[in-house]
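For reference, the chains in residue letters:
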Amino acid sequence: MRIRLTHSVRTRLVIILVGFTALSVMAAWFINRTFMESYYVENKTKDLLKAYDDINAFLADNEENAISQKLQMAQKLASRFETEGISALVVDSDLMVTFGSGFGITNEMLMARLKDILFNNNKSDNNFIKNTESYVIQKMHDEDGSKDYLEMCGQIESTNDFFIMRSSLESITDTVTMANNFYLRVGLVIIVAGSVAMMIFSIRFTKPILKLEEISKKMCKLDFNVKYDVKGQDEIAVLGQNMNNLSEILEKTISELKSANVKLKTDIQKKTEIDEMRKDFLSNVSHELKTPIALIQGYAEGLKESVNDDDESRDFYCDVIIDESAKMNKMVKKLLTLNQIEFGNNYVEMERFDLIAVIDQVLNQSNILLQEESAEVFFDNQKQMFVWADEFQIEEVITNYVSNAIHHLDFEKKITIELEEKEDIVRVNVFNTGRQIPESELDKVWIKFYKVDKARTREYGGSGIGLSIVKAIMDSMNMKCGVENRQNGVNFWFEVEKDKN
């Protein structure tokens with residue numbers, strides 16, 4: 001959501017700074033207009049009081065100094081008064097001038113004003129600034145009212161001479177008004193120029209803040225690729241560094257949470273699979289054991305009840321019990337083997353061995369079954385083929401393949417074992433003539449207790465576990481195995497690593 005202009009830090013900063021500048025200009029203008037004249041009059045009054053003290057000191061020392069020194073002091077004092085804009089006149093009781101800083105018409109005007117005060121008691125229009133026993137300070141106007149000045153008159157404390165002093169205010173009201181108008185115009189220029197400067201300053205000042213805002217928005221969307229380019233050591237730079245650290249911590253934490261979530265899902269899925277496997281295992285084991293147990297029970301009861309008293313019948317009953325017990329024992333052993341492999345409890349020992357010799361050994365062990373089925377075996381064992389694998393487990397794979405081929409022989413009753421050499425592996429093919437497996441069933445033959453031909457499987461004592469053991473063994477060694485239909489039979493294969501030496 002886009003931030004409204006009135007809520008922008010940059011806008012608020014500019015408004016505050018411009019408002020503060022405008023307020024400062026207006027406050028200065030108001031203070032200048034209200035107090036400037038009073039301040040000016042106060043300073044002029046201080047100048048008159050200082051001048052009075054200087055004249056008092058000058059006249060007090062008058063009799064002790066030489067005439068030349070008196071003249072120099074009087075000239076120096078008069079020169080200073082002229083610089084400060086003060087006109088002064090001092091007379092004795094006979095109205096003889098004892099000190100004067102003015103010349104010509106100025107002294108005449110001061111003398112006329114002093115006589116008017118002394119003889120007519122016309123001191124002022126009661127516009128007093130300061131009134132003491134020795135002197136009076138008051139604000140005066142010209143007769144035409146065009147000029148204002150401060151007037152101080154009274155007696156010198158050291159000599160009791162009469163004095164009068166004036167200091168022009170030079171139309172202070174007009175001056176203050178003019179100054180205020182000028183100051184107001186300058187203030188407006190300062191406000192405008194300051195606003196532009198503050199806008200530029202605010203852009204630079206708020207740029208890192210806006211950058212942090214952008215980073216925070218992307219962090220909210222779990223995008224941690226953008227980092228704050230830290231420059232300087234101020235609070236914003238520290239905040240940016242903290243944002244970078246927070247981004248890294250959040251990214252790492254979320255990654256760990258995702259990994260934990262994936263692991264949890266995998267564990268849940270694995271637990272579900274294990275539960276399903278346990279259910280299938282119990283169901284299939286119950287099904288597989290039901291028939292041999294029933295047979296054993298039935299024939300055992302027959303023996304106990306002496307259903308047939310002849311020796312031949314008793315031997316037959318015993319043979320059936322022994323045969324079914326052997327089948328049960330064999331199935332349980334295979335189940336235990338498969339269980340160890342599936343749960344990773346078997347140890348894979350990689351070793352170098354002659355694959356041809358292992359196949360010959362399996363064929364020799366299966367020779368009786370091959371003769372019973374009148375099977376014809378084709379296998380070229382004239383050379384050696386060294387491979388890397390777990391010899392014991394590969395022997396188990398070959399045994400299961402050969403046993404499976406024997407029990408599914410048909411037609412010409414031929415079993416062909418071939419080795420295909422590739423770059424790094426050797427593929428072992430075990431082919432038997434017979435009925436093909438339906439294409440829809442090819443991927444299911446590796447499932448334990450799964451039987452394509454359940455009737456024939458029962459005839460040769462198969463439990464549907466052998467091929468599951470093959471699949472589990474090859475997976476434990478990270479090697480491949482498979483099955484395919486051929487023109488007149490079925491071919492099972494597996495691959496092992498070839499010895500390159």
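Residues numbered from 1 in each chain as written. Predicted model: local features only at pLDDT ≥ 70, side-chain atom pairs only at ≥ 80, totals over all residues. Heavy atoms only, no water.

Peer 1: With reference to specific residues and values, describe the overall build of the chain.
Peer 2: Along its length, the chain carries eleven helices and 13 strands. The proportion of buried residues among the 501 residues of the chain is 35%. The long-range fraction of contacts in the chain, counting pairs at least 24 apart against all pairs at least 6 apart in sequence, stands at 63%. (Helix = DSSP H or I, 4+ residues; strand = E, 2+ residues; numbered from the N terminus. Buried < 20%, exposed > 50% of the residue type's maximum accessible area, 1.4 Å probe, protein only. Contact = heavy atoms within 4.5 Å.)

Peer 1: Please give an account of the packing of helix H9 (residues 391–407) against helix H11 (residues 466–476) that cites residues and values.
Peer 2: Any two packed helices are characterised by the angle at which their axes cross and by the distance between the axes. It is the contact of H9 with H11, at a shortest axis distance of 9 Å, that shows an interaxial angle of 150 degrees. Comparing the axis directions of H9 and H11 gives the class roughly antiparallel. Every pair of crossing elements has a handedness; the one defined by H9 and H11 is left-handed. Between H9, through Gln 393, Ile 394, Glu 396, Val 397, Asn 400, Tyr 401 and Asn 404, and H11, the contact on the second element is made entirely by Gly 466, Leu 467, Ile 469, Val 470, Ile 473, Met 474 and Ser 476. Tallied by class, residues from the contact of H9 with H11 come to eight nonpolar, five polar and one charged. (Axes fitted to C-alpha atoms, helices over the stretch in contact; angles between N-to-C directions. Parallel < 35°, antiparallel > 145°, perpendicular 65-115°, else oblique. Left-handed = near helix turned anticlockwise from the far one by under 90°. Nonpolar A, V, L, I, M, F, W, Y, C, P; charged D, E, K, R; others polar.)

Peer 1: Could you give an account of the environment of Glu 37, with specific residues and numbers?
Peer 2: For Glu 37, the position within the fold is in helix H1 (residues 9–60). Separated by 132 residues in sequence, Glu 37 and Leu 169 have C-alpha atoms that sit 9.4 Å apart.

Peer 1: Can you explain the sheet that holds strand S6 (residues 162–168)? Please cite residues and give values.
Peer 2: Note on sheets: strands pair through backbone hydrogen bonds, and any given pair is parallel or antiparallel. An order of S2-S1-S6-S5-S4-S3 is seen for the six strands of this open sheet, with the pairing classed as antiparallel. Only two strands of the sheet have a single neighbouring strand rather than two, namely strand S2 (97–100) and strand S3 (128–131). The sheet shows a mean angle of 15 degrees between the axes of neighbouring strands, direction not considered. (Pairing = 2+ DSSP bridges.)

Peer 1: Can you tell me about the nonpolar core, naming the residues and giving the values?
Peer 2: In this structure, Leu 355, Ile 394, Tyr 401 and Phe 494 are the most contacted members of the largest nonpolar core, which totals 43 residues. Elements with a minimum of two residues in this core: helix H7 (355–365), strand S9 (386–389), H9, strand S10 (414–421), strand S11 (425–433), H11, strand S12 (481–486) and strand S13 (489–498). In this structure Tyr 401 touches Val 430, Trp 446, Leu 467, Val 470, Cys 481, Gly 482, Phe 492, Trp 493 and Phe 494, once residues within four positions along its chain are discounted. With 22 residues, the next largest nonpolar core counts Phe 81, Val 90, Tyr 135 and Met 152 among its residues. (Core = buried A, V, L, I, M, F, W, Y, C linked by side-chain atoms within 4.5 Å.)

Peer 1: So what's going on with the pairing of S10? Residues and values would help.
Peer 2: When strand S8 (residues 376–379) meets S10, the two strands line up parallel, connected through four bridges. By the bridge assignment, Phe 379 is partnered in S10 with Ile 417. Counted between consecutive antiparallel strands, the loop separating S10 from S11 contains three residues.

Peer 1: I'd like a rundown of the packing of aromatic side chains, residues and numbers included.
Peer 2: Taken as a whole and assessed by the stated rule, the structure comprises seven aromatic pairs. Look at Tyr 52 and Tyr 135: their rings are 5.2 Å apart centre to centre, the planes differ by 55 degrees, and that puts the pair in the tilted class. Remark: Tyr 135 occurs in strand S4 (residues 135–141) and Tyr 52 occurs in helix H1; sequence separation between them is 83 residues. The exposure class of Tyr 52 is buried, given its relative accessible area of 4%. Tyr 135 gets classed as buried once you look at its relative accessible area, which sits at 12%. For the ring pair Tyr 401 and Phe 494, a centre distance of 5.9 Å and an interplane angle of 50 degrees mean the geometry is tilted. A residue pair is termed long-range when its members are at least 10 positions apart, and Tyr 401 in helix H9 and Phe 494 in strand S13 qualify at 93 residues. (Phe/Tyr/Trp six-rings, centres within 6.5 Å; stacked < 30°, edge-to-face > 60°.)

Peer 1: I'd love a proper account of the environment of Val 14, names of residues and values included.
Peer 2: Mapped onto the secondary structure, Val 14 falls in helix H1. Put simply, Val 14 and Ser 202 are 188 residues apart on the chain and 6.7 Å apart in space, counted from C-alpha to C-alpha. Apart from the residues lying within four places of it in its own chain, the contact partners of Val 14 are Met 198, Met 199 and Ser 202.

Peer 1: Can you explain H9? Please cite residues and give values.
Peer 2: Given a rise of 1.5 Å per residue, 17 residues ought to cover 24 Å, and the 24 Å separating the end C-alpha atoms of H9 matches this to within 8%. Of all 17 residues that make up H9, twelve are buried, and the element is covered over most of its length. If you check which residues of H9 are buried, you get Gln 393, Ile 394, Glu 395, Val 397, Ile 398, Asn 400, Tyr 401, Val 402, Asn 404, Ala 405, Ile 406 and His 407. For H9, the capping residue at the N-terminal end is Asp 390, with a side-chain oxygen 3.2 Å from the backbone nitrogen of Phe 392. (Expected span 1.5 Å × (residues − 1). Polar contact = N/O pair within 3.5 Å; in protein donor to acceptor, adjacent residues only side chain to side chain.)

Peer 1: Tell me what's going on with the pattern of salt bridges, and back it up with residues and numbers.
Peer 2: Under the counting rule described, the total for this entry stands at 15 salt bridges. We note a salt bridge from Arg 352 to Asp 499, for which the minimum N-O separation is 2.5 Å. With Arg 352 in strand S7 (residues 351–354) and Asp 499 in the segment after S13, this pair connects stretches of sequence that are 147 residues apart. What makes Arg 352 partly exposed here is its relative accessible area of 42%. Between Glu 421 and Lys 383 there is a salt bridge, with its nearest N and O atoms 3.5 Å apart. Linking Glu 421 in strand S10 with Lys 383 in the loop between S8 and S9, this pair joins segments that are 38 residues apart in sequence. Judged by relative accessible area, which is 46%, Glu 421 ranks as partly exposed. Through salt bridges that share partners, Lys 50, Asp 54, Arg 80 and Glu 84 make up one connected network. (Salt bridge = Lys/Arg side-chain N within 4 Å of Asp/Glu carboxyl O.)

Peer 1: Requested: an account of the packing of H7 against H9, with residues and values cited.
Peer 2: Between H7 and H9, whose axes approach to 10 Å, the crossing angle comes to 45 degrees. One element, H7, and the other, H9, form an angle in the oblique class. In this structure, H7 crosses over H9, and the sense of that crossing is right-handed. Judged by residue contacts, Leu 355, Val 358, Ile 359, Gln 361, Val 362, Leu 363 and Gln 365 of H7 engage Glu 391, Ile 394, Glu 395, Ile 398, Thr 399 and Val 402 from H9. For the contact of H7 with H9, the per-class residue count stands at eight nonpolar, three polar and two charged.

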